[in-house]
Structure formats: structure tokens, C-alpha cells
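Next come the chains, spelled out residue by residue.
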Amino acid sequence: MMMVMQPEGLGAGEGPFSGGGGGEYMEQEEDWDRDLLLDPAWEKQQRKTFTAWCNSHLRKAGTQIENIEEDFRNGLKLMLLLEVISGERLPRPDKGKMRFHKIANVNKALDFIASKGVKLVSIGAEEIVDGNLKMTLGMIWTIILRFAIQDISVEETSAKEGLLLWCQRKTAPYRNVNVQNFHTSWKDGLALCALIHRHRPDLIDYAKLRKDDPIGNLNTAFEVAEKYLDIPKMLDAEDIVNTPKPDEKAIMTYVSCFYHAFAGAEQAETAANRICKVLAVNQENEKLMEEYEKLASELLEWIRRTVPWLENRVGEPSMSAMQRKLEDFRDYRRLHKPPRVQEKCQLEINFNTLQTKLRLSHRPAFMPSEGKLVSDIANAWRGLEQVEKGYEDWLLSEIRRLQRLQHLAEKFQQKASLHEAWTRGRAPFSFRAGKEEMLQQHDYESASLQEVRALLRRHEAFESDLAAHQDRVEHIAALAQELNELDYHEAASVNSRCQAICDQWDNLGTLTQKRRDALERMEKLLETIDQLQLEFARRAAPFNNWLDGAIEDLQDVWLVHSVEETQSLLTAHEQFKATLPEADRERGAILGIQGEIQKICQTYGLRPKSANPYITLSSQDINNKWDTVRKLVPSRDQTLQEELARQQVNERLRRQFAAQANAIGPWIQGKVEEVGRLAAGLAGSLEEQMAGLRQQEQNIINYKSNIDRLEGDHQLLQESLVFDNKHTVYSMEHIRVGWEQLLTSIARTINEVENQVLTRDAKGLSQEQLNEFRASFNHFDRKRNGMMEPDDFRACLISMGYDLGEVEFARIMTMVDPNAAGVVTFQAFIDFMTRETAETDTAEQVVASFKILAGDKNYITPEELRRELPAEQAEYCIRRMAPYKGSGAPPGALDYVAFSSALYGESDL
């Protein structure tokens, strides 16, 4: 028994009854196994359909068959049928009428079928010669599959699926038609009528058909097909309607005749599909270009608006206003800038993806509008960051300046207030009357000698006091000068007050000299003086000055920036406290003089005046000042300890920031280097590489919380006005720049792999080929920076078997390095390695497709475009095609040749 054969290349286990292209044949083989117990209705349908199909070909040779299982038994008409449908000659048939002659002829027919790539299974010549109906029908079905159905292809499908998809597309617009199979979907006849109407609307008025008239619909289709399309009637309407599930093979055989009858229309559809595919690529690319232009414009506009704000270096007069500016800048860094960093990175990724798609589809490279190149955006971004760094430095410098101004202003006000209180004589340790009024008195004119002597001594004490205040006045003037030099906003008020103090000081000097002259003249007339009171005055005056200085020092303000400076103030304060016992002894001695005076007065019955004639100070004054000093000492202790605690907190903040920065900085640097190594040495499949890179990206994103915590510590430092940190070399700016570099690096590496996936899929590369290209590239990437220099590229090509001369190598370099950058990227290397074998659409192919739609004319009309293409693609072409300028064209004709060339950059749309 000879085996039935199946087409070669279908794969193991795929039988003869599965259509063409693999799965269909296996499915049909299973159907045929079930048909060994063939339903009588199906057998009837197959007999009629297969007989009519055979006769449609045999009549070309002037013959036909009446009984399918009888008329093929001698093999003669079977061989004739194969010659007609194949157009080839078979071996001469045996003329004898014996059984072995018949078997020989049938075997010749089966051998011919086998030569066409069909492996026959379970069917032999003996069954055909014996008139086995089921085997004969199976053989004819195999012939129908091979010669009428197998080569049907729609969108890379074949055989049964291809024919079904063709039917679905052709009937999709018609009401009451839903083709899902080759049995029940055809029972009402509307699907067959729709097929005819789609290609020949002049033959059937589809609008008049009724779904409830299946026999009428089927007979209409059968009659029209036989009369106008030369498709013989192969089915009975009653058999189809009255069978729950019509025979699939019979329906497929009949429907395949329609496919071949309308083959010319299919050519136009194929052309239309090719054009739609090309237009879809162009429309998608144009959309990406528009998105790039929009995103680039928005980013550049944001930079344009932001730079003037950062360039505005007009300071504020108060510390609070400048701190608000600093807070606005922090909001900009935390809230406004990060999304723009992502936009800039996404813009570069979109640009690279777009260029890859254009290159893979053989379109010209995208050239953004003037000023919107990736390099333009990068330059604008660098300018923004330079201005931003300058603005932050200016802010911090201005805050330091205002901090010092505030400190100097407070010190000036304190010194000035002390001096003015002293000149007014209202301070508890100063003269009772105003200094100018006292110096202008003429009390010495009516005084006794003793009183004049007392007045003179008193004046000497005042001069001593005046000299002691000279440093304070000079200090006040120096503070005013420094405030002027630092552009203090209330400099006018400071200058006015300082000038008043200096003028008053000069007047006091003049008045002092005049009074001394007057007293010295009177002193010659007066001789008696009380030595003890003089001694009291001599010792009380400097001690009083010491008390004044101590009080002033204990009330002095300071500005420190570190624990060490605060410790220095504490040390000085401790040294001061060590002098207090000696000062207390001096106070006792001075008070002892006063006590001795009182004792002498009591001893000798003197009645001294209520006040010491030589000094306005009393023992009570000294005690009061001493009590003031003793009260100020513990207050000073507490203030210094509070300052020390504040500085210790600042130091902890410094160390806390430094501990994190010293961990984050190396981590970011390590990740940048790791991503660089990944980019230079990616291994495994692209999907595995992408998964690894996505994991790295997720790890980096998860690390963002550490950056946020560091930002919080940095904000605490700035709020505490701490601007230096000796515990780390990493500033917040370093960390921010490193973090942005890391995000950009991982995003670019992921984009490179995505572009490789696009390249692989578009070029049809296998993973092994891509790995081989990567290995070769990495081997000659000497610097491990993702680029080969020309000499390394030449060595790589030679290692792969290229015989390169200088001219040929120069030609290749213009392909892989069109911008003459002096390097070859991995993407350019892959493009070069796959360019010669890539199967892509070309302008010539698109022109040929349009020529089919135009009916072989050199122009096409809008009506033809709207008829043959989907509405969106048709309108796209109509808007962009130039009018046809040749002769003999109707009005409105369009030039599809120039349009096709423009799609590939060979002319302008």
C-alpha cells in the first residue's frame, strides 16, 4: 500500500488534511480520521463539490467525470487532472486495462503529488483502484489543499487560517455576516453574496437580501458565480441549509475558487496593505517628532523663565527676607527642578528611540527645529546649573553678610546706648548730672579752697573717666565705619547717631580743658585738702572704671561658629571670674578708706559734707555696681553654656550629615561605575539584560529615601546657619550632581538596550547573533567606554574576515560615523553588520504598490485612494501629495511617485 503524502516542510506529525503551513494540515488530518465514519450528508456534499471542482479543471482538457470513485480508478483522468492544474507533464500512462496497469497509473499520479512536497499517509493506489470512496475523497482533498489552498497567504498566515482571514476582511463591512468558520457561518448564503458584492457590486443588490431566505441567498450566489465568475455550482442550497453543520472541506473548496477568481483584487489589497504599513510608520514618527518638539519647547521655555530669576542678585535688607529667598530656592531644588531633570532625561531617550526607528525604517534622521537639538538643550541646562550654583553661593554669602551686619548693628546700638547714658549721667555708675552741664558749672567761684581743691580732684577723676571712654568712642566709630562698608540698610541712622556722639565727644574735650584751666587757677588760691577723701577718690575711680568695663564685658554680645570658639569664650570668662577675689579685696580696701574717713570724722567731731568733694562716687555706688557684676556673672555662665549647647547641636548636625554623605557619595560613585561596566559588558539575552537593568534602576530608585534624608539634614544645617563641615568632602551639591548623573546613566543604558531590542526585532537578528556582535564589539572596545576608535574598528572588521583597503574602509567609516566624531558606537556597529541583509520597505516598493492601486497609471486620484485605503491613511496621502503635472491626467490627479520618494527623504513633502 502506498502512503498518502504531506507537503514537505510542515514538520513531524503534520498530515495531509491540515491545509497548508503546519497547524491546518494536522487539524484536517484529525478531521479526516473522524471522517472514516463519514456523515452521509457530508459525504454527499464532498462528492458533489469535489466532482464539480475536478470538472472545472478537466473541462479545459475536453473531458469530465460523472462518478468520482469510479472515474479515477484507472488513473488516467487522475493523471490528466494533475497535468491541467499543475501545467506540467506526467509520465506516459500504461495503456493496459489490467489491475496492475491501473495501479501503476495511480502510483504515477501519487508520485507526482509527492514530488510537490506532499507526504501521503494512509492512502495507497490499491484503495483508489478498488473504488474506496473515502480514500478517493481524501486524495482529492489533498490535491485541493496543495494546488488550490496551500499558497493562500494573508498577513503571514497560510492555508485555512489565511483563507478564513481573507473571508473575514472582505465581509466585515456587511450586516448580518460574521464569518468564524467554514461550516455554519455560510448556511444563510449572505457570506457568499457579500464576497461577490465586495468585488463585483454590479452583480448582486445586497441591500435586497434577507437573512430569513437562506436558500434564495445561496442559489443567488451559486447562479451569479457560475454565470459571471466561471465558478461552477459545487453545492446544493438545500443540503447546506438542512445540514446542522455543513461539510468544512466542501465549503473551503468552493470558497477557494472565489479567492482565485478575485486574485487580481488581492494584489491591490496587498499593495494597499504595504502602503498603509509605510504610512503608519511615517505617522508614528511624525507624532514622536511633534512630541519631541513640544517637550523640548516646554523645557527650554522653563529654563528661559528660570534663568532670569536665578540671575537676579538684588539683596534684601533684612535677614528674614533673605531667608525667605533661601527657602524659595530650596523649594526650587526640591520640587520644581527634579521633574525637569526627568523631562530632560526622557527627552534624550525619546530622541534616541526616534532616531533608531527612523534608521531601521530607512527614513532620514530627525533634525529638530533650530535651537532644539539635544546639544542645545544640554547647553541650556549647563547654563542653568551654572547660574543656579552662582545664585546659591550669592544667597549664602548675602545671609552671612546680613548676619554680620545684624551682629555689628546690635553691638553698635549697645555701645552707643552705654556711651549716651554715660554722657547724660543717668547710668548708676556715672556722674549725677549731664557731663556738659557739669563741665559748664561755675561752682568753684564761690567755693572755699578746700572745695576748689575737691573740685579740681573731682575734675581729674572725670578726666580719667573721660580717657577711659576714649576706646569706646573709637570702637563706636569703627563699628559705624564697618556698617557703612558692608552697605547696612540703616546706615544713615547709624551715621547720624555716630556723628552726634563724636561731636559731643569733641565738645566734652573742649569743655574739660576749659574747666581744668579754671580750676588750676583757683587751686593756687586754695591749700587745704582732705587726703583721705582724695585717696578714696584715687582708688575708687579706677575701680569704678574696672566695674564699668566688667559690666560692659559681661553684657557684650558675640558671634561664634564652632564649639572651639565657644570654649574660648568660656575660658576667658573663667579667667575673669578668677580675678573677682582680688577685686573684692580692692573693694574692701576702698570701702575701708571711707570707713576711716567716717572714723576720723567721728573721732575729731568733723561734719563732712554728705558727698566726697573729690568724687561723685559713694560707697553705695561701688556696692551697687559690685552687686551688678555678681549678678551678671552667673547670667553670663548660663548664656555661654546655652551657646555651647547650640554649637554642640550644630556639630552633631555636621557629623550626622557627614556620616550619611560619606556613605552616599561612594555609593553613588560605585553605582555610576557599575552602570558604566554594565553598559560596556552586557551579557545574556536582551530581555535578561533589560531585567537586570530594571532591577538596578529599581534599586537606585529605592535608594532615593537616603538622598531625601540627607536633604533634610542639609536643610537643618542651613536653617541653623551652618555653612561649613570639616567632617566630609561631600557637599549637598556634589551629592545632587552625582545622583542626577546616576539616574541619567541608568536611563541611557536601558534606552540603549531598548534600541537594541528594536534593532534585533526589526533586523530579524537572533539572540546568538546579537551576543556575537556584542562580544566582538567589547573585545575591541579598548577604553571600555562603549565606543570603538577607527583603528580598533578596522581590527574588528579584519578579525571578522573583511578584506579592507583604504578606500573601502573610508567608505564604511562614512556609514558608521556620518558626523566624523572619530568613534563607532555599538548601535552603528549593529546597523553596519545587518544593513546588507535587512529586508525593509523601499521607495521603489511603495511606488510599485501605488501603481497597482492606480491601475498602472503614473498618477492616482483622491477617489481611488479613498476606495483602496483606510480613511485615515487616504486623507493623509491626499493632504501631502502634490498635484500631478504630467499630461493626460484628470483634474485633481496626484503625484504618488514624488510622495513615495519624500517618505524616504529623497525629496521634500
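Everything here concerns the structure above.
First things first, this report covers the structure right here in the doc. Quick caveat: nothing in here was measured; it's all calculated off a predicted structure.

1. Section: the overall build of the chain
Part 1: What the chain contains, in helices and strands, is 34 helices and four strands.
Part 2: Per-residue burial for the chain yields a buried fraction of 49% across its 909 residues.
Part 3: Long-range contacts, defined here as pairs at least 24 residues apart, represent 74% of the contacts in the chain between residues at least 6 apart.
Part 4: When the accessible surface of the chain is split by element, carbon and sulfur atoms take 50% of a total near 44200 Å².

2. Some remarks on the packing of aromatic side chains
Part 1: Under the criterion given, the structure shown has 30 aromatic pairs.
Part 2: Ring geometry for Y292 against F366: centres 5.5 Å apart, planes inclined by 85 degrees, an arrangement best described as edge-to-face. Placement of the pair is Y292 in helix 13 (residues 263–311) and F366 in the loop between helix 14 (319–360) and helix 15 (374–424), with a sequence separation of 74 residues.
Part 3: Owing to a relative accessible area of 2%, Y292 belongs among the buried residues under this scheme.
Part 4: On the basis of relative accessible area, F366 is assigned to the buried category, the value being 7%.
Part 5: Put simply, the rings of W302, W309, F329, Y332, W381, Y391 and W394 touch in pairs and so form one group of aromatic residues.
Part 6: Positioned over the ring face of W422 is K435, at 4.9 Å from the centre of the ring.
Part 7: Stacked on the ring of F809, the Lys or Arg R794 has its end atom at 4.2 Å from the ring centre.

3. Focus: the nonpolar core
Part 1: Counting 79 residues, the largest nonpolar core has W53, W186 and F258 as its most contacted members.
Part 2: For this core, the leading source of residues is helix 7 (residues 133–149), giving eleven residues.
Part 3: The contact partners of F258, leaving out residues within four places of it in the chain, are W166, L192, L195, I196, A225, L229 and I231.
Part 4: Counting 45 residues, the second largest nonpolar core, distinct from the first, contains I668, V675, I735 and I812.

4. So, unusual backbone geometry
Part 1: The backbone of L721 sits at a positive phi, close to 60 degrees, despite the residue not being glycine.
Part 2: Mapped onto the fold, L721 is located in the loop between helix 25 (704–719) and helix 26 (732–763).
Part 3: Of note, D856 is a non-glycine position whose phi angle comes to about 70 degrees, a positive value.
Part 4: Tracing the backbone through its elements, the reader meets D856 in the loop between helix 31 (843–853) and helix 32 (862–868).
Part 5: For D856, a relative accessible area of 56% translates into the label exposed.

5. Regarding helix 5 (residues 99–115)
Part 1: When the terminal C-alpha atoms of helix 5 are compared, their 24 Å separation across 17 residues agrees well with the 24 Å that a helix rising 1.5 Å per residue should span.
Part 2: Within helix 5, burial applies to H101, I103, N105, V106, A109, L110, F112, I113 and A114.
Part 3: Those residues of helix 5 that are buried lie in contact with helix 4 (76–86), helix 6 (125–129) and helix 7.
Part 4: A positive phi of about 85 degrees marks G117, the residue just after helix 5.

6. Quick word on the pattern of salt bridges
Oppositely charged side chains may form a pair once their charged atoms are brought near each other.
Part 1: Evaluation of the coordinates by the stated rule reveals 65 salt bridges.
Part 2: Between R99 and D130 there is a salt bridge whose closest N-O contact spans 2.5 Å. Here R99, found in helix 5, pairs with D130, found in the loop between helix 6 and helix 7; they are 31 residues apart in sequence, far enough to count as distant.
Part 3: Residue classification places R99 among the partly exposed positions, given a relative accessible area of 40%.
Part 4: Residues R472 and E552 are paired through a salt bridge, measuring 2.8 Å at the closest nitrogen-oxygen approach. You can see R472 sitting in helix 18 (residues 470–485) and its partner E552 sitting in helix 20 (residues 531–554), a full 80 residues away along the chain.
Part 5: Residue classification places R472 among the buried residues on the basis of a relative accessible area of 9%.
Part 6: Overlapping salt bridges, with partners in common, bring together R333, K337, E385, E388, E392, E711, E733, R736 and E740 in one network.

Thresholds, definitions, all that
- Starting from 1, residues in each chain are numbered consecutively following that chain's sequence as written.
- For this predicted model, a pLDDT threshold of at least 70 governs which residues receive local features, and a threshold of 80 or more governs which side-chain atom pairs are given and counted, while totals over whole chains, interfaces and linings are taken from all residues.
- For side-chain calculations, the full set of non-hydrogen atoms in the structure is used, while hydrogens and water are omitted.
- Under the DSSP-based scheme used, a helix requires at least four consecutive residues in state H or I and a strand at least two consecutive residues in state E, with every element numbered from the N terminus.
- The buried label applies to any residue whose accessible area, calculated with a 1.4 Å probe on protein chains only, is under 20% of its type's maximum; exposed applies above 50%, and partly exposed to all values in between.
- A contact between two residues is defined here by any heavy atoms of the two lying within 4.5 Å.
- Only the protein chains shown count as cover for residues, with accessible areas throughout obtained via the Shrake-Rupley method and a probe of 1.4 Å.
- In summary, the pairing rule links any two rings of Phe, Tyr or Trp, Trp by its six-membered ring, whose centres are within 6.5 Å, and it sorts them by plane angle into stacked for under 30 degrees, edge-to-face for over 60 and tilted for everything else.
- Our definition puts a charge over a ring when NZ of Lys or CZ of Arg is within 6 Å of the ring centre and also within 35 degrees of the ring normal.
- By convention a nonpolar core is built from buried Ala, Val, Leu, Ile, Met, Phe, Trp, Tyr and Cys residues, the set being connected through side-chain atoms within 4.5 Å.
- The span one expects for a helix is its residue count, reduced by one, times 1.5 Å.
- Each reported salt bridge corresponds to a side-chain nitrogen of Lys or Arg within 4 Å of a carboxyl oxygen of Asp or Glu.

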